[in-house]
Each structure stands twice: as C-alpha cells, then as structure tokens.
Amino acid sequence: MTHTFTPEAQRLWDAVPPLQKTQILNNVWCGACRTVTTIVHYTGKVGGTDLVLEGECERCGGKVARLIENE
Ligand SMILES: [Zn+2]
C-alpha cells in the first residue's frame, strides 16, 4: 500500500521520529466511533505550516484527519 504525500508533506513526515509516527498514527480521534483510533489509507499534505494526514478510521472506515503541528 502506498501513501501519497506532497513533497513538502513528505519532508515534514520524514523529520518525525519513527516512534512518534507510530504514536501519531495510532492516536487519531474518530468522530463516528467517538474514540481514539488508528488512521489507515492516509495521505499527507501541508495546511499552513502544519502537516495534515487524511485517511480512514481503522474501526469504521470513516474519514479521519490528524494534524501534526510544525514546531
Ligand atoms: Zn471510526
């Protein structure tokens, strides 16, 4: 499975330590499930100065997104 990232988003994502990536991917709020879930089939883009992951909830398949602030 491939994840599509814009070049800028890929650069930001590459800078995130692997452990933190795992924590980010496994700590996404799903409004439909009303709980924290894992994001799957995600893509990455930059919104403002932040990295935005958009994908699907592993539990229900609904759309979820995760913002990673660019510090
Ligand atoms: Zn869900």
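Here is what the cut-offs are and how they apply
- Residues numbered from 1 in each chain as written.
- Predicted model: local features only at pLDDT ≥ 70, side-chain atom pairs only at ≥ 80, totals over all residues.
- Heavy atoms only, no water.
- Donors = N, O, S within 2.8 Å, 3.2 Å for Na, K, Ca; no water.
- Tetrahedral: all angles 85-135°; square planar, octahedral: opposite > 155°, others 65-115°.
- Buried < 20%, exposed > 50% of the residue type's maximum accessible area, 1.4 Å probe, protein only.
- Helix = DSSP H or I, 4+ residues; strand = E, 2+ residues; numbered from the N terminus.
- Arc of directions from axis to C-beta.
- Contact = heavy atoms within 4.5 Å.

A look at the coordination of the zinc ion
Four donors placed tetrahedrally around a metal ideally meet at 109.5 degrees, and six donors placed octahedrally ideally meet at 90 or 180 degrees. The protein atoms that coordinate the zinc ion are C30 (SG), C33 (SG), C57 (SG) and C60 (SG), at distances spanning 2.2 to 2.3 Å. Because the angles between the 4 donor atoms bound to the zinc ion fall within 107 to 112°, the donor set is best described as tetrahedral. For the zinc ion, all donor residues lie on one chain, and their spacing in sequence is C-x2-C-x23-C-x2-C. A relative accessible area of 24% means that C33 is categorised as partly exposed.

Remarks on helix α2 (residues 18–25)
Listed in full, the buried residues belonging to α2 are K21, I24 and L25. Axial view of α2: buried residues confined to an arc of 90°, hence all on one face. Buried positions along α2 lie against α1 (7–14), β1 (28–30), β2 (35–37), β3 (39–47), β4 (50–57) and β5 (63–68).

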